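Secondary and tertiary structure notes
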Amino acid sequence: MSNTTLGLIWAFSFVILEAAQAVFFGGVFQDYDSFLIGAAVFGFTALGALTWTGIRAADELRTAWGNGAALFGLNLSTAFVWIAYFFALQMIEPAVVFTIFSGLIPVAILIARALGVPEASPLRNRTEGAGLLIIVIGVGYLTAITILGRSGFVRGDWTVALTGLLLTCISGASLAAMMIYSQRLNRLGVSPVAQYGLRFPLYVAVALAGASLGFDEKGPVDPGGLMIVVLIGFVIMAFPVFAMQKAISLMSTLTLAAITALGPLFVFLFQIIEGRVDYAPATMTGLIIYVTGAILAAYGGAKSSDRHVVQV
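Notes on the structure follow. All of these numbers come straight from a predicted model, not from anything done at the bench.

1. Some thoughts on empty space enclosed by the protein
Under the defined criterion, the tally for this structure stands at one cavity of 30 Å³ or more. The volume enclosed by the largest cavity comes to roughly 100 Å³. Phe 14, Glu 18, Thr 78, Val 81, Trp 82, Phe 101, Leu 175, Met 178, Arg 199, Pro 240, Val 241 and Met 244 are the residues that line the largest cavity. Broken down by secondary-structure element, the contributors of at least two residues to the lining of the largest cavity are helix H1 (3–28), helix H4 (68–91), helix H7 (158–187) and helix H10 (223–248). Residues of the lining of the largest cavity, tallied by class, amount to nine nonpolar, one polar and two charged.

In structure tokens form, the structure reads like this:
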């Protein structure tokens, strides 16, 4: 099986599970502390990954420590991704959060390329460019309907909507930065498992501090319910991050970003199945615009990937 095919499998695993996560935790975080859940899920899984790497490939840990700037960038961007993302899910419609979050990733990659970041992939062809332009239009439309109160869910007035949108933008841009730092470490020989363990220490420290200070406290916690949520989080929070890590090692950042842009379609479908958020025709219109662009961009990226496969 070619690297391109494996990359697509890992990328779509990330997209589908991340979509399920956005809908599930959009509801769960109304009742549970997002810092507490995040610290538990990522803390335990990162510890397991570090232990495995320490036993099987300790040289990878030394390589990462020898590239402190990239390692710190990976940690800082990871912390911003999850903190901003979890709060945004509590403020505005999950489908809108995930759509804007996903759409800003390829845009941020192109901006990074323009600024001379070598790991950021260039635009490969006009098809991909046209798709990304349509994505930007879709993101702009969803931003407008959220501020105007025409989306399926806003937990407050327009100021809450604006805050949720700002947090979503921070999360999406941070994920693009994380992808760049991750690819930098990958080229140095730091494997996906090692990177998974190394990327979360800062986030876990911040999350534990946030939980102890009650920044997102929702009242008394049911230990049994919390344990179930954490176990589910291992599947739909932790595993998608590892899937993303594997995909990064097998394809260019822009191709991966274009594929992740397909995720909002799954979020909207899962959202309808869950039934917590009302069906909003305006959101559906924005998603149609967005997904059209995402499919076009992914098609353009896939054509280029067929001609150039990233070797690992």
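Read on, since the account is not over.
2. Some thoughts on helix H6 (residues 126–147)
Along its 22 residues, H6 runs 32 Å from first to last C-alpha, staying within 8% of the 32 Å computed at 1.5 Å per residue. At the N-terminal end of H6, a side-chain oxygen is found 3.2 Å from the backbone nitrogen of Thr 127, two or three residues along, and the residue is Asn 125. Positive phi appears at Gly 149, one or two residues downstream of H6, with a value of about 80°.

3. Details of a nonpolar patch on the surface
On the surface, Phe 72, Leu 76, Phe 80, Leu 166 and Ile 170 cluster together to form a nonpolar patch covering roughly 470 Å² of accessible area. Those elements that provide at least two residues to the nonpolar patch are H4 and H7. Ranked by residues supplied to the nonpolar patch, first place goes to H4 with three residues. Positionally, Leu 166 belongs in helix H7.

4. Focus: the side chain of Ser 249
When you line up the elements, Ser 249 lands in the loop between H10 and helix H11 (253–260). At 2.6 Å, the side chain of Ser 249 forms a polar contact with the backbone oxygen of Lys 246.

5. Structural notes on the environment of Phe 234
Within the element layout of this structure, Phe 234 appears in helix H10. A sequence separation of 113 residues divides Phe 234 from Ser 121, and the C-alpha atoms of the two residues are 31 Å apart. Those residues in contact with Phe 234, other than ones at most four positions away along the chain, are Ala 40, Val 41, Phe 44, Thr 45 and Phe 239.

6. Concerning the packing of H4 against helix H9 (residues 201–213)
Running from N to C, H4 and H9 cross one another at 45°; their axes reach a closest spacing of 7 Å. Comparing the axis directions of H4 and H9 gives the class oblique. Between H4 and H9 the crossing geometry is right-handed. Judged by residue contacts, Asn 75, Leu 76, Ala 79, Trp 82, Ile 83 and Phe 86 of H4 engage Pro 201, Leu 202, Tyr 203 and Val 206 from H9. Grouping the amino acids of the contact of H4 with H9 by side-chain chemistry returns nine nonpolar, one polar and no charged.

7. Concerning the nonpolar core
Ile 37, Phe 42, Trp 82, Tyr 85, Phe 200 and Tyr 203 are the most contacted members of the largest nonpolar core, which totals 90 residues. Looking at this core element by element, the count peaks at 13 residues for H4. Setting aside chain neighbours within four positions, we find Ile 37 in contact with Phe 25, Val 28, Phe 29, Tyr 32, Leu 226, Val 229 and Met 237.

How each quantity is defined
Residues numbered from 1 in each chain as written. Predicted model: local features only at pLDDT ≥ 70, side-chain atom pairs only at ≥ 80, totals over all residues. Heavy atoms only, no water. 1 Å grid on protein atoms, 1.4 Å probe; cavity = no way out; pocket = protein on both sides within 12 Å on 5 of 7 lines; lining within 4 Å. Points joined across faces, edges and corners; volume = space filled by probe spheres on them. Helix = DSSP H or I, 4+ residues; strand = E, 2+ residues; numbered from the N terminus. Nonpolar A, V, L, I, M, F, W, Y, C, P; charged D, E, K, R; others polar. Expected span 1.5 Å × (residues − 1). Polar contact = N/O pair within 3.5 Å; in protein donor to acceptor, adjacent residues only side chain to side chain. Patch = residues over 30% accessible without salt bridge, like charges linked within 9 Å, V, L, I, M, F, W, Y side chains within 5 Å. Areas by Shrake-Rupley, 256 points an atom, 1.4 Å probe, with all protein chains shown as cover. Salt bridge = Lys/Arg side-chain N within 4 Å of Asp/Glu carboxyl O. Contact = heavy atoms within 4.5 Å. Axes fitted to C-alpha atoms, helices over the stretch in contact; angles between N-to-C directions. Parallel < 35°, antiparallel > 145°, perpendicular 65-115°, else oblique. Left-handed = near helix turned anticlockwise from the far one by under 90°. Core = buried A, V, L, I, M, F, W, Y, C linked by side-chain atoms within 4.5 Å. Buried < 20%, exposed > 50% of the residue type's maximum accessible area, 1.4 Å probe, protein only.

Function-wise, these values are silent; they only describe arrangement.
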